[in-house]
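Commentary on secondary and tertiary structure
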Amino acid sequence: MTKTAVDQLSEAQAVKELKRLAEEIARHDHLYNTEDKPEITDADYDALRRRNLAIEQRFPHLVRDDSPSRKVGAPVSEKFAKIRHAVPMLSLDNGFEDQDVEDFAERLRRFLRLPADKPLDITAEPKIDGLSLSLRYEKGRLVSASTRGDGMVGEDVTVNARTIADIPQVLSGSPPDVLEVRGEIYMGRRDFAALNARQVEAGNPPFANPRNAAAGSLRQLDSSITASRALRFFAYAWGEVSALPARSQMGMVECFDKYGFTTNPLMKLCHDAAGLIRHYHKIEAMRAELDYDIDGVVYKINDLALQNRLGFVSRSPRWALAHKFPAEQAITILRQIDIQVGRTGALTPVARLEPITVGGAVVTNATLHNEDYIRGVDSAGAPIRDSGDIRIGDTVIIQRAGDVIPQIVDILPEKRPAGAVPYPFPHTCPACGSHAVREEGEAVRRCMGGLVCPAQAVERIRHFVSRNAFDIEGLGEERVEFFFSAEDPSVTIRSPADIFTLQKRQEQSLTKLENIDGFGATSVKKLYAAIDARRRIALSRFLFGLGIRHVGEVNARRLARHYVNYTALAAAAGAARMPEAGEKADKGNEVWQELINIEGIGGIVAGAVVDFYAEPHNVEVLGSLLAEVTPLDEELPVATDSPVAGKTIVFTGSLQRMSRDEAKAMAERYGARAAGSVSAKTSLVVAGPGAGSKLNKARELGIEIIDEDAWFALVGADEK
Ligand code: IVH
């Protein structure tokens, strides 16, 4: 149907057309927001809205009550509802070499103070390359299924999970009342090949690998699509359980079998590192023949009581290790080297490659690490590889392991084209032209442009909105770049606070984001909703988002847990006095002492935090941000009903029943903080034989002192 141009419309035609547009736009809103099945492109949708607006501008008296221009917008519906995991879904620590397995076993023994002659049973099983899923059963019936998400909150995929044959709706045997079974959803290789053939036939793009196919099939709004996709499930772990039905990893997996789950037949109980390594190589040899993708072998301490004692470090259990298979390699040609400027000004060379498929994924970029890596000589003058430097035009060996960015591991010098020249690493920043300097002993060359370098500023904002920081959907890499370089003051985002004032600035402006290419009206609405959802944010995410040097996710969480609220943390950062140059790290005022005594935070991290708050520009940026955003008090991750929750404990002297590391981990598990030195803030000192100055100080300050047995009794951890 050809449409009459707006300026040609009669009034009667305009009435009809406005009605039609109101209905059609409402229908597309519904398809997009609720069904997640848009029928038209964002650009076509925008054209409809623009036409509606143009007619309304010509005939203002005809504007309908239900006009799309009057509606604030359909409710923003997220694809899936969210489910908070009763017990977080964790990731695994990785190992790559046989030596890492020896170290793992040794570490466990040390932590548990197990003598070398005591056996230590550890299970070994394939690491399935799929996506993890948590299934909750109440009284034997499946009540919910959720993806891992960020480990704390996942997506509710219950309806889809019910279509998967390996997932029982009702359990057999006598399962505990509440049982969360966790495991891996995956797609078999043959099913994957058949699915891709169907995709291509239907004119759809094929999936890159079975894992993507499994993820895409599970996360479908239409569960009949999931049902048609041949997904399978191996059960290997658990979350909340009302009463554990077994005392070992192996025993639990045997129970899963009895309840009706499929478990992996290659799981084996081993008794030492050598046994684990043997089983690893056996599985590795079978890898090609298996009908599913695996990317390594997972080791787990068998005894659940020991698992419990070992606990967690950050997001991975101390009692498990993923021993990954070696990365896959391929040969291709290096076409170009680009220099990227990071958040801290680091100049990072990126290789642009002739596209090549490695392990099922097409690779076009690879990291070249730094200047020395290209030259092939490290900062001490030692060669990095036998084949010398890397030049544009070289034939290179690239390697890809899991999801990490591929790297160039070597070149084939005999294939170097005549005339290839050594790569001249720039000494100025490609983004702002400032000097790029390498400091003594550093491998990285950094742009000195600091606050004037646009590349650094863009990267800081990218970091701020990234998944583990503010996690603002709709502000992807390209959009950040767009907003940063936008000239119009109602569109620019040059600092974090600008993100939160965008909507207000837009409302007062004639330049409408929704009229700009690449922004549909719906996507703008979604963006505003995503921004508003982050006006209240966990303190740890807030801190991580600031991009303070050395304050990654883990340290942000440590600081947040210690100070609990933002005001306390900022006050401490402002009041801390570092030791003078030449003084020892244990000097400085009391606030500084408290900071460096936080478990895992030393002088370097503490110094970076204090420096950050000492910089007036940062304080200014923070001030505008805090006018828009409220950091929430950090929730402590553990049961607060323990008698030591929220207390600060110091362990001193030699402990008999546990190592010092275990003692600290145990305190944290019961909601307490472990500190290294005694101060007025210490709530309790646990002293073993030989305790000296810390014990005396505790006595002086009148702090409660108990022995190790009393500690176990206090937290109720004595073996029954
Ligand atoms: S155990 C607390 N066992 O690997 C530990 N994980 O890198 C829970 N995975 O998110 C995980 N096969 O999706 C475990 N046999 C296996 C596994 C496995 C694959 C995945 C899982 C997890 C990831 C961690």
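Residues numbered from 1 in each chain as written. Predicted model: local features only at pLDDT ≥ 70, side-chain atom pairs only at ≥ 80, totals over all residues. Heavy atoms only, no water.

In this section: the site of the ligand. Neighbouring the ligand are 14 residues; Glu125, Ile128, Glu184, Tyr236 and Lys300 lie closest to it. In this structure, a nitrogen atom belonging to the ligand sits 3.2 Å away from a main-chain N or O atom of Pro126. The separation between an oxygen atom of the ligand and a polar side-chain atom of Lys127 is 3.3 Å. For the ligand, the protein covers 87% of the area, taking 530 Å² as the surface of the free molecule. Elements with a contribution of two residues or more to the shell around the ligand: strand S3 (122-128) and strand S10 (294-301). (Near = heavy atom within 4 Å. Polar contact = N/O pair within 3.5 Å; in protein donor to acceptor, adjacent residues only side chain to side chain. Areas by Shrake-Rupley, 256 points an atom, 1.4 Å probe, with all protein chains shown as cover. Helix = DSSP H or I, 4+ residues; strand = E, 2+ residues; numbered from the N terminus.)

Here the focus is the sheet that holds S10. Spatial strand order, S2-S13-S10-S3-S9: five strands in an open sheet with mixed pairing. The two strands at the open ends of the sheet, each matched to only one other strand, are strand S2 (94-95) and strand S9 (268-270). Note: S10 against strand S13 (residues 320-324), five bridges, orientation antiparallel. Its bridge partner being in S13, Tyr299 is matched across the sheet by Leu321. (Pairing = 2+ DSSP bridges.)

According to UniProt, the "binding site: Zn(2+)" (unreviewed entry) feature falls on Cys429, Cys432 and Cys453. A maximum C-alpha distance of 8.5 Å among these annotated residues, which run over 25 residues, shows that they cluster at one spot. Its place among the elements puts Cys432 in the loop between strand S18 (407-411) and strand S19 (436-438). Look past the residues within four positions of Cys432 in its chain and what remains in contact with it is Cys447, Gly449, Cys453 and Pro454. Structurally, Cys453 is set in the loop between strand S20 (445-447) and helix H12 (454-465). If near-sequence neighbours (up to four positions away) are discounted, Cys453 is found in contact with Val341, Cys429, Ala431, Cys432 and Cys447. (UniProt positions renumbered as here; feature names shortened; annotations may be inferred. Contact = heavy atoms within 4.5 Å.)

Moving on: the packing of aromatic side chains. Scanning the entire structure with this criterion turns up 18 aromatic pairs. Ring geometry for Tyr423 versus Phe425: centroids 6.3 Å apart, planes at 85°, classification edge-to-face. Arranged with centres 5.3 Å apart and planes meeting at 90°, the rings of Phe651 and Trp711 form a pair that is edge-to-face. Of this pair, Phe651 sits in strand S23 (residues 648-652) while Trp711 sits in helix H24 (residues 708-715), placing them 60 residues apart in sequence. Taking relative accessible area as the criterion, Phe651 reaches 5% and is therefore assigned buried. Its relative accessible area of 0% is what places Trp711 among the buried residues. What links up through ring pairs into an aromatic cluster is the set Tyr137, Phe233, Trp238, Phe256 and Phe261. (Phe/Tyr/Trp six-rings, centres within 6.5 Å; stacked < 30°, edge-to-face > 60°. Buried < 20%, exposed > 50% of the residue type's maximum accessible area, 1.4 Å probe, protein only.)

With that settled, consider unusual backbone geometry. Generally, phi is negative for residues other than glycine and the peptide bonds are trans, each holding for most cases. For Lys139, which is not glycine, the phi dihedral falls at a positive 50°. One can find Lys139 in the loop between strand S4 (131-138) and strand S5 (141-147). Residue Lys139 is classed as exposed on the basis of its relative accessible area of 66%. Unlike most non-glycine residues, His369 shows phi in positive territory, near 65°. With respect to the helices and strands, His369 occurs in the loop between strand S16 (361-367) and helix H11 (371-375).

Turning to its location among the elements, Lys324 is positioned in strand S13. Asp295 provides the closest opposite charge to the buried, unpaired Lys324, separated from it by 4.5 Å. Apart from the residues lying within four places of it in its own chain, the contact partners of Lys324 are Asn94, Gly95, Phe96, Lys127, Tyr280, Asp295 and Gly296. (Lys, Arg positive; Asp, Glu negative; His and termini not counted. Salt bridge = Lys/Arg side-chain N within 4 Å of Asp/Glu carboxyl O.)

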